[in-house]
Amino acid sequence: MQLLDARPLSDKQRKMCYALLGAISDYTGEEREAAKEFLKLEFLSSELEQTGERIFSLSNAPMSLVAAFQRFLVRFIIRHDIPTKRPLLNYVDDIGDYVYHCLIGKKCVVCGRLADLHHVERVGMGRSREEIVQEGMECLPLCRAHHTEAHTMPDGEFFSRYHLDGGIPLDQTLCKIYGLKTKKVEAKSC
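Residues numbered from 1 in each chain as written. Predicted model: local features only at pLDDT ≥ 70, side-chain atom pairs only at ≥ 80, totals over all residues. Heavy atoms only, no water.

Attention now moves to the nonpolar core. Of all hydrophobic cores here, the largest spans 54 residues; its most connected members are Phe-69, Tyr-98, Val-99, Phe-158 and Leu-164. Broken down by secondary-structure element, the contributors of at least two residues to this core are helix H1 (11–28), helix H2 (32–46), helix H3 (63–79), helix H4 (95–105), strand S2 (138–142), helix H6 (155–161) and helix H7 (172–178). A total of ten residues in this core trace back to one element, the largest contributor, which is H3. The residues touching Phe-158, leaving out its near neighbours within four places in the chain, are Val-110, Leu-140, Leu-142, His-146, Glu-149, Ala-150, Met-153 and Leu-164. (Core = buried A, V, L, I, M, F, W, Y, C linked by side-chain atoms within 4.5 Å. Buried < 20%, exposed > 50% of the residue type's maximum accessible area, 1.4 Å probe, protein only. Helix = DSSP H or I, 4+ residues; strand = E, 2+ residues; numbered from the N terminus. Contact = heavy atoms within 4.5 Å.)

Our next topic: the sheet that holds strand S3 (residues 168–169). Pairing is antiparallel in the open sheet, where three strands are placed in the order S1-S2-S3. Unpaired on one side and paired on the other, strand S1 (116–119) and S3 mark the two borders of the sheet. Pairing analysis gives four bridges linking S1 to S2, with the strands arranged antiparallel. Pairing of Asp-116 across the sheet is with Leu-142, part of S2. (Pairing = 2+ DSSP bridges.)

Structure, rendered in C-alpha cells:
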C-alpha cells in the first residue's frame, strides 16, 4: 500500500520540474513538451510500473507523485550526464536518494563534476584503504575541489554549507562500483 500526498503541487515544485525538463530538452534537442510527455510515460512505466493510461499533469497532480517524478528526473540527469544551469542539489527534496545516485554515477553532490569517494569517517593514517571493510562507512561523492574543501573544515560546517545531511553508508552495490571490501557473508548451516 502506498499513501499519496494529495496536497496541491507548489509553484516551486512545478518550476523545478520544468527546469529539469528544460535541461533534458536542451541537451537532447527534443522539444520541451515532447520530452515532458516521453519522460512522464517512462516514469510511470519504470518507476510506478503503471501504463500510460494513468498519465498526470504537472498542473494538478498530487504532491507525492510529482516529488517522485522530480526524483526520477534528477536520476535521469545524473545517469545521462546532462548539464544543468544550477547544481542538481538545488532541485532535490530527498537528499539521501540524491546522494546515493550521485555515488552510483560518481558525480559530485555539490557541483555534478566527476567525483572521488569522500569518507566521512576518515580512512588512512594507519587504516589501509585496501585492508579495511568499507561497507557501512558513511561516504559522499565529491569532486577534487569540494573534496579538498571538505578536508579543510569540520564535517558539520561542510554539511551545513551545502545543505547535506551527512554521508550515505556504503552498501554492497556501492562497494562493488568503487572496488571496495565488503563484509563477508557467512554460510548458514542446515
